[in-house]
Amino acid sequence: MVWKPHVTVAAVIEQDQRFLLVEEETTSGLQFNQPAGHLEAGEDLIAAVKREVLEETAWQFEPEHVVSIQLWRKNPDFPSFVRVCFSGRCHSHNPAQALDDGIIAAHWLTRDEVEAERHRLRSPLVLISIDEYLSGQRYPLSLLKSFIDLDHE
């Protein structure tokens with residue numbers, strides 16, 4: 001069997017020194033995460049992060065930068081994830097929109113509030129990504145190239 005990591009996207013979204021996180025049901029109980037999820041078939045990374053933020057928070061998201069590309073595995077028995085973390089801005093919130101299955105609520109938390117909830121973070125990448133963003137890590141979206149369904153004439 002060929003080993004394949006899961007490809008996921010995540011968004012670090014700051015507004016007024018607060019970060020948009022989702023509170024979600026997991027097998028380990030209620031946890032906090034960036035709006036994040038899996039890349040779907042036929043989708044590029046930018047479309048994936050826009051979709052995930054909208055589904056999980058009811059906010060329209062416009063990615064502006066790549067913060068980091070992260071490889072994470074919790075332990076040898078756990079799947080591996082390649083996570084592309086974006087930063088950008090939100091607009092056009094729809095409070096009437098139902099949130100994705102398993103999402104309890106979206107919260108705007110300060111970095112210190114996120115750290116205080118360290119025991120309830122979905123992964124260490126949540127706080128690591130915020131700190132990478134706060135340290136000024138920003139890479140252009142043009143770093144990402146998508147070649148999907150190209151004609152081979």
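The coordinates are above.
Calculation rules
- Residues numbered from 1 in each chain as written.
- Predicted model: local features only at pLDDT ≥ 70, side-chain atom pairs only at ≥ 80, totals over all residues.
- Heavy atoms only, no water.
- Helix = DSSP H or I, 4+ residues; strand = E, 2+ residues; numbered from the N terminus.
- Contact = heavy atoms within 4.5 Å.
- Areas by Shrake-Rupley, 256 points an atom, 1.4 Å probe, with all protein chains shown as cover.
- Lys, Arg positive; Asp, Glu negative; His and termini not counted.
- Charge placed at Lys NZ, Arg CZ, Asp CG, Glu CD.
- Phe/Tyr/Trp six-rings, centres within 6.5 Å; stacked < 30°, edge-to-face > 60°.
- Buried < 20%, exposed > 50% of the residue type's maximum accessible area, 1.4 Å probe, protein only.
- Salt bridge = Lys/Arg side-chain N within 4 Å of Asp/Glu carboxyl O.

S.K.: Mind laying out the overall build of the protein chain, listing which residues take part and the relevant values?
M.R.: Assigned secondary structure in the protein chain consists of three helices and eight strands. Contacts in the protein chain between residues at least 24 apart in sequence constitute 71% of all its contacts with a sequence separation of at least 6. Carbon and sulfur atoms make up 51% of the accessible area of the protein chain, which amounts to about 8,900 Å² in all. Side chains of the protein chain give 14 positive and 25 negative charges; the mean places of these two sets differ by 6 Å.

S.K.: Which residues make up the packing of aromatic side chains, and what values go with them?
M.R.: Following the criterion strictly, the structure yields five aromatic pairs and no others. Residues phenylalanine 78 and phenylalanine 81 carry aromatic rings whose centres are separated by 6.1 Å and whose planes lie at 50° to one another, so their mutual orientation is tilted. Judged by relative accessible area, which is 29%, phenylalanine 78 ranks as partly exposed. Every member of this aromatic cluster is reached through a ring pair, and the members are Trp72, Phe78 and Phe81.

S.K.: Would you mind going over the pattern of salt bridges in detail, with residue names and values included?
M.R.: Scanning the model with the defined rule gives 12 salt bridges in all. Residue arginine 120 is joined to glutamate 23 by a salt bridge in which the shortest nitrogen-to-oxygen separation is 2.7 Å. Taken together, the residues span a long stretch of sequence, with arginine 120 in the loop between helix 2 (111–116) and helix 3 (125–134) and glutamate 23 in strand 2 (residues 18–26) at a distance of 97 residues. One salt-bridge network, held together by shared partners, links Glu40, Glu43, Arg51, Glu52 and Glu55.

Geometric values such as these leave the question of function open.
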